[in-house]
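Structural overview for review
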Amino acid sequence: MMDATQTVEYAPDIKGLSENMKFSEEIRRRRTFAIISHPDAGKTTLTEKFLLYGGAVQLAGSVTARKNQRASTSDWMELERQRGISVSSTVLQFDYHGFRVNLLDTPGHKDFSEDTYRVLTAVDAVVMVIDAAKGIESQTQKLFEVCRRRGVPIFTFMNKVDRPIKDPMALLDEIEQTLQLQVCPMNWPLGSGPDFKGVYDRASKQVHLFERVPGGSYRAPVEVADFSDELVQQQLPRETLGQVREELEMLEGAGETLDQETVLAGDMTPVFFGSASNNFGVQLLLDAFLKYSAPPQPKETENGRVTPEHERFSGFIFKIQANMDPKHRDRIAFLRVCSGKFTRDMSVTHSRTGKKVRLSSSHKLFGQDRETMDEGYAGDVLGLVGHTDFGIGDTLTEDQSIVFDEIPRFTPECFAYLISTNTSQFKRFRDGLKQLLQEGVVQTITLRNTPQKGHLLAAVGPLQFEVVQHRLKNEYGADSRLESAPWEVMRWLSPKIDPDRLDDSILPTGAQLAEDTEGQVVILFSDGWSAQFFSERNPECPISTLPFPRQEPAEVS
């Protein structure tokens, strides 16, 4: 059982330590986490405030800022700034009180869930942001289920308490009932809406009274006092004081006690109340997260677990971002270090191709900004520039027995034709689309034995098409037109089956044979009923929602 009153154990000064001791300390002080939420719950705003309190920025942006104010640091893409949403995952790295923090901001919109799921393979914990007025929403629940399947520890931030909210006790019950998680409130709100004055920190048994700051741009001044202090009596109405005391007594009598082992097992979530936009409770959340979360954890491979302390370097690529720097038209592969020590210019094996690769252009990321990164340890996320052979899920390692299988695959649910509308821009259209497709979120499908009027794109959500079209225009100067395609379902055909056997007498009306980007045969169906009908009528032709192993030879009739 953790002593909830102990102070944060900051990492010691590592200068002068032996190489082995330094290696261990560098791993111990790493924290790698993502923030997840339903859209508009305040996820990107909280990301900004972590950077503010972590000392990484001096002025926090807001996704709802006016045009003449500073835009959000983590939302670097122009479309993100226009819409006020995150449509790409961003890596933000900074040092705070001796910790090396790798913070991954993720999209909340369901159309970008594939990008978010991939990011969750690269973190050791998540902060789940909940709008305290709405409670648990659909996308939050979906992302939580992904975290639960992976055993990722979850810390909860009840946001927007400075607005009218649900009853705090009801919010805790909702987490317990809906998510089947034990809850341990770490602090408690003092009022809500316009009457919100701050929070009571249950660990220190002290009241934190906050002052509002213009736009939440600067750290909020905080006064810390005991419940019995005159200052608290003056700030809080008598009814609020009585209600808070009553609720705290209930928590002490019937509430859960924080148990770090249960938290790290993913079965208990510490809960924090606050307001990210006004900086209420942000520092309490950040300090407690660093105190109770775990350093980098072992990763599973085809040959067993690899611990962070393994002496040989290894890591996997979980994201590729094209054109982060429009001036250079470059491509960054984001790699999570899993073991050993990374050093710039080191040679590693690219497991998928078996080739030796020199990692000379490595960067530390901060949104769109970057700086050269000379070394890294387990938990770090680094950007590798200029390696066109790298793909999502690839392993880079000094130990060829290590091959990670961390990245999930997703079946496209939306299809559309993307057509170049200006012949003079076609080269830019072709080259830009090729780069954007390397990110692995949208893929191209090629129809078999049928002419197609443009590039047939497939994605999990339709907004992905809009992002591609927007980026082609703004980053590559290429105009395009989107046209809907008549299919809603894609299934992979077993490689044992010769696709030429499937003629119009076997395929349902509207179904079409095609090939994915890897050359594997797929069938496009007009709807789910059509796919189910084909599967039931043709059991000798297996189809799957995910690709079959490629080694199976086709069966020739």
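Residues numbered from 1 in each chain as written. Predicted model: local features only at pLDDT ≥ 70, side-chain atom pairs only at ≥ 80, totals over all residues. Heavy atoms only, no water.

Regarding the pattern of salt bridges
What the rule picks out here adds up to 22 salt bridges. One salt bridge connects Glu25 with Arg28, and the closest N-O pair in it is separated by 3.1 Å. With Glu25 and Arg28 both in helix H1 (residues 19-28) and three residues apart, this pair spans about one turn of that helix. The class of Glu25 is buried, set by a relative accessible area of 19%. Classification of Arg28 by relative accessible area gives partly exposed; the value is 31%. A salt bridge links Arg336 to Asp124; the shortest N-O distance between them is 3.2 Å. Here Arg336, found in strand S15 (residues 331-339), pairs with Asp124, found in the loop between helix H4 (113-120) and strand S4 (125-131); they are 212 residues apart in sequence, far enough to count as distant. The two residues Arg336 and Asp124 agree in class, both being buried. If you follow the salt bridges from partner to partner, you end up with Glu26, Arg29, Arg30 and Asp380 in one network. (Salt bridge = Lys/Arg side-chain N within 4 Å of Asp/Glu carboxyl O. Helix = DSSP H or I, 4+ residues; strand = E, 2+ residues; numbered from the N terminus. Buried < 20%, exposed > 50% of the residue type's maximum accessible area, 1.4 Å probe, protein only.)

Describing the layout of surface pockets
Over the atoms rolls a probe the size of a water molecule, and its path tells where empty space is left. By volume, the largest pocket is sized at about 1500 Å³. Counting residues per element, the ones that place at least two in the lining of the largest pocket are H4, helix H11 (426-437) and strand S26 (455-459). For the lining of the largest pocket, a count of residues per class yields 18 nonpolar, 11 polar and 14 charged. (1 Å grid on protein atoms, 1.4 Å probe; cavity = no way out; pocket = protein on both sides within 12 Å on 5 of 7 lines; lining within 4 Å. Points joined across faces, edges and corners; volume = space filled by probe spheres on them. Nonpolar A, V, L, I, M, F, W, Y, C, P; charged D, E, K, R; others polar.)

Some remarks on the packing of aromatic side chains
On inspection of all chains with the given rule, the structure shows 14 aromatic pairs. A centroid spacing of 4.4 Å and a plane angle of 50° characterise the contact between Phe33 and Phe289, whose relative ring orientation is tilted. With Phe33 in strand S1 (residues 30-37) and Phe289 in helix H10 (residues 282-292), the pair connects residues that are 256 residues apart, well separated along the chain. Residue Phe289 is classed as buried on the basis of its relative accessible area of 2%. Following the ring pairs from residue to residue traces out a cluster consisting of Phe33, Phe50, Phe155 and Phe289. Positioned above the aromatic ring of Phe227, the side-chain terminus of Arg245 is 4.9 Å from the ring centre. (Phe/Tyr/Trp six-rings, centres within 6.5 Å; stacked < 30°, edge-to-face > 60°. Lys NZ or Arg CZ within 6 Å of the ring centre and 35° of its normal.)

Examining the sheet that holds strand S8 (residues 198-201)
Pairing between sheet strands relies on hydrogen bonds along the backbone, with the strands arranged either parallel or antiparallel. Strand order in the open sheet formed by four strands is S7-S8-S9-S10, with antiparallel pairing between adjacent strands. Edge positions in the sheet fall to strand S7 (187-190) and strand S10 (222-225), since each of these pairs with one other strand and no more. Across the sheet, the mean angle from the axis of one strand to that of its neighbour is 25°, orientation sign disregarded. As judged from the four bridges shared by S7 and S8, these two strands associate in the antiparallel manner. Bridge pairing in S8 links Asn187 to Asp201. (Pairing = 2+ DSSP bridges. Axes fitted to C-alpha atoms, helices over the stretch in contact; angles between N-to-C directions.)

Concerning the nonpolar core
Counting residues in each nonpolar core, the largest one holds 63 residues, and the members touching the most others are Val126, Ile175 and Phe318. Sequence-distant contacts of Val126, that is, excluding residues within four places in its chain, are made with Ala34, Ile36, Leu120, Cys147, Val152, Pro153, Ile154 and Phe155. Grouped together as the second largest cluster of nonpolar side chains are 33 residues, Leu92, Tyr96, Val101 and Phe272 included. (Core = buried A, V, L, I, M, F, W, Y, C linked by side-chain atoms within 4.5 Å. Contact = heavy atoms within 4.5 Å.)

Section: the pairing of strand S29 (residues 512-515)
Of the strand pairs in this sheet, strand S25 (residues 443-447) and S29 are connected by two bridges, and their pairing is antiparallel. Directly across from Leu447, in S29, lies its bridge partner Ala514.

Quick word on the sheet that holds strand S30 (residues 521-525)
One open sheet holds the eight strands; their spatial order is S27-S24-S26-S25-S29-S30-S28-S31, and the pairing between them is antiparallel. Of all the strands in the sheet, just strand S27 (480-484) and strand S31 (543-544) have a single pairing partner and so form its edges. Against the sheet, H11 makes contact with strand S24 (414-420), S25, S26 and S27, and its axis sits at roughly 150° relative to S24, the strand it touches most.

A word on the confidence of the model for the protein
With 85% of its residues at a pLDDT of at least 70, the protein reaches an overall mean of 84. Helix H3 (residues 78-83) is the least confidently modelled element of the protein, averaging 44 in pLDDT, while strand S5 (residues 154-159) averages 98, the highest of any element. Throughout residues 1-7 the model reports pLDDT below 50, and contacts reaching past four residues in sequence, or to other chains, amount to 15 contacts. Segment residues 58-89 is flagged for pLDDT under 50; beyond a separation of four residues in sequence, or across chains, it makes 93 contacts in the model. (pLDDT = per-residue confidence, 0-100.)

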